[in-house]
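Residues per chain are reported as follows:
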Amino acid sequence: MSTLKFDEGRLMQVLVAPIVSEKATMVAEKSNAVTFKVLQNATKPEIKAAVELMFKVEVKGVSVVNTKGKTKRFGKTMGRRDNVRKAYVTLKEGQELNLSGEAA
């Protein structure tokens, strides 16, 4: 287990939302990884600790991707979507994380 101590309140905020998309589902099936949208300033150790705390699973590794927000048109004004930080959390063998809430 990690020897680092994190503020539990902060860890509860690190994971913003699970990402459910075709790509995320493919990654999940192929390499037992779950995809989350995380805070912009979240670190890999924080993400690992947050997932272990909230879902009671063992994490093998964390990969992080920063995606720039697209420029989109809202009516006649130009706007930008928010930048997104995604975390691909790889779980150890035999570990499973059920996000959908439905029994398999």
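Our subject in this report is the structure included herewith. The structure presented is a predicted model; accordingly, all values stated were derived computationally and were not measured.

Time to look at the pattern of salt bridges. Taken as a whole, this structure holds 2 salt bridges when the rule is applied. Across the salt bridge formed by lysine 92 and glutamate 58, the nearest N and O atoms sit 3.4 Å from each other. Of this pair, lysine 92 sits in the segment after strand E6 (84–91) while glutamate 58 sits in the loop between helix H3 (44–55) and strand E3 (59–67), placing them 34 residues apart in sequence. Among the residues examined, glutamate 58 registers a relative accessible area of 38% and is labelled partly exposed.

The next subject is the nonpolar core. In this structure, Leu15, Phe36, Val38, Ile47, Val51, Val89 and Leu91 are the most contacted members of the largest nonpolar core, which totals 18 residues. At the level of secondary structure, the elements contributing two or more residues to this core comprise helix H1 (8–14), strand E2 (33–38), H3, E3 and E6. Setting aside its immediate chain neighbours within four residues, leucine 15 contacts Phe36, Lys37, Val38, Ile47, Ala50, Val51, Met54 and Phe55.

Reading across from one edge, E1-E2-E6-E3 is the order of the 4 strands in this open sheet, with antiparallel pairing throughout. The sheet is open, and its two borders are formed by strand E1 (15–18) and E3, each paired with just one other strand. Pairwise comparison of adjacent strand axes, ignoring direction, gives a mean angle of 30° for this sheet. Across 6 bridges, E2 lies against E6 in antiparallel orientation. Paired with valine 34 across the strands is valine 89, a residue of E6. The sheet contacts of helix H2 (residues 22–31) involve E2 and E6, and relative to E2 the element is tilted by about 140°. Where H3 meets the sheet, its contacts fall on E1, E2, E3 and E6, and the angle it forms with E3 comes to roughly 125°.

With that out of the way, let us pick up unusual backbone geometry. One non-glycine residue, asparagine 32, adopts positive backbone phi at about 55°. Along the chain, the position of asparagine 32 falls in the loop between H2 and E2. Judged by relative accessible area, asparagine 32 falls into the partly exposed class, the value being 25%.

Attention shifts here to H2. Residues three or four positions apart in an α-helix share a direction because the helix packs 3.6 residues into each turn. In terms of residue burial, H2 counts as a barely covered element, since only 1 of its 10 residues are buried. Asparagine 32 sits one or two positions beyond H2 and adopts a positive phi of about 55°.

Inspection of the secondary structure puts arginine 85 in strand E6. As a buried residue without a salt bridge, arginine 85 has its nearest oppositely charged side chain in glutamate 46, at a separation of 7.9 Å. Polar side-chain contacts of arginine 85 include one of 2.9 Å to the backbone oxygen of alanine 42. Polar contacts involving the side chain of arginine 85 include one to the side chain of asparagine 66, which spans 3.1 Å. With sequence-adjacent residues up to four places away left out, arginine 85 is seen in contact with Phe36, Lys37, Val38, Leu39, Gln40, Ala42, Val64, Val65 and Asn66.

Rules used in this analysis
- Residues numbered from 1 in each chain as written.
- Predicted model: local features only at pLDDT ≥ 70, side-chain atom pairs only at ≥ 80, totals over all residues.
- Heavy atoms only, no water.
- Salt bridge = Lys/Arg side-chain N within 4 Å of Asp/Glu carboxyl O.
- Helix = DSSP H or I, 4+ residues; strand = E, 2+ residues; numbered from the N terminus.
- Buried < 20%, exposed > 50% of the residue type's maximum accessible area, 1.4 Å probe, protein only.
- Core = buried A, V, L, I, M, F, W, Y, C linked by side-chain atoms within 4.5 Å.
- Contact = heavy atoms within 4.5 Å.
- Pairing = 2+ DSSP bridges.
- Axes fitted to C-alpha atoms, helices over the stretch in contact; angles between N-to-C directions.
- Lys, Arg positive; Asp, Glu negative; His and termini not counted.
- Polar contact = N/O pair within 3.5 Å; in protein donor to acceptor, adjacent residues only side chain to side chain.

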